[in-house]
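Coordinate analysis (summary)
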Amino acid sequence: MNFDQTFQSNLLNDVLSHRFRDAEDLVHFVQTRTGKYDSSIVTSYWSGREHMINDKTTLSAYVKLECGR
C-alpha cells in the first residue's frame, strides 16, 4: 500500500516534532502509523546513520521508504 503525499508530509511533520533520540523508537512510531512492521529496518536503514536521526532530509527519505514498501 502506498500512501499519498499528504499522508507522508503529515507523518514527516509528526516525526520532526517528536525529535527522537533512538532509532528503535523512531522506527516503531513510523511503522505503527503505516501498519508495516519490520524490525530489521532499525539495523538495515539506520545502522551508521544514528547521528542523522533528526536531519529533515534523512527523515524525509526514511518516511518515503516506509510509505513505499
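Anything mentioned here points back to the structure above.
None of these values were measured; they are calculated from a predicted model.

What follows is about the pattern of salt bridges. For the coordinates displayed, the defined rule picks out two salt bridges. The shortest N-O distance in the salt bridge between Asp14 and Arg33 comes to 2.6 Å. With a gap of 19 residues between them, Asp14 in helix H1 (residues 5-18) and Arg33 in helix H2 (residues 23-34) connect regions that are remote in the sequence. Among the salt bridges present, the one from Glu66 reaches Arg69, with a minimum N-O distance of 2.7 Å.

The next subject is unusual backbone geometry. The phi dihedral of Arg19 falls on the positive side, at around 50°, and the residue is not glycine. Tracing the chain through its elements places Arg19 in the loop between H1 and H2. Exposure remark for Arg19: the relative accessible area of 53% places this residue in the exposed category.

A few words on the packing of H1 against helix H4 (residues 56-68). Across the interface, H1 lies against H4 with an axial gap of 10 Å and an inter-helix angle of 130°. Taken as axis vectors, H1 and H4 run oblique relative to one another. Crossing angle aside, the handedness with which H1 passes H4 is right-handed. Between H1 and H4, the contacting residues are Phe7, Gln8, Leu11, Leu12, Val15 and Leu16 on the first element and Lys56, Leu59, Ser60, Val63, Lys64 and Cys67 on the second.

All right, on to the side chain of Gln31 then. Within the secondary structure layout, Gln31 lies in helix H2. In this structure Gln31 comes out as buried when scored by relative accessible area, which is 4%. Leaving out residues up to four positions away in the same chain, Gln31 has contacts with Lys36, Tyr37, Asp38, Ser39, Ile41, Tyr62, Glu66 and Arg69.

A few words on the nonpolar core. Leu11, Val15, Leu26, Val30, Trp46 and Tyr62 are the most contacted members of the largest nonpolar core, which has 19 residues in total. Of all the elements in the fold, those that place two or more residues in this core are H1, H2, helix H3 (41-46) and H4. No other element matches the five residues that H2 contributes to this core. Each residue touching Leu11, except ones within four places of it in the same chain, is listed here: Phe29, Val30, Arg33, Thr34, Val63 and Cys67.

Cut-offs applied
- Residues numbered from 1 in each chain as written.
- Predicted model: local features only at pLDDT ≥ 70, side-chain atom pairs only at ≥ 80, totals over all residues.
- Heavy atoms only, no water.
- Salt bridge = Lys/Arg side-chain N within 4 Å of Asp/Glu carboxyl O.
- Helix = DSSP H or I, 4+ residues; strand = E, 2+ residues; numbered from the N terminus.
- Buried < 20%, exposed > 50% of the residue type's maximum accessible area, 1.4 Å probe, protein only.
- Axes fitted to C-alpha atoms, helices over the stretch in contact; angles between N-to-C directions.
- Parallel < 35°, antiparallel > 145°, perpendicular 65-115°, else oblique.
- Left-handed = near helix turned anticlockwise from the far one by under 90°.
- Contact = heavy atoms within 4.5 Å.
- Core = buried A, V, L, I, M, F, W, Y, C linked by side-chain atoms within 4.5 Å.

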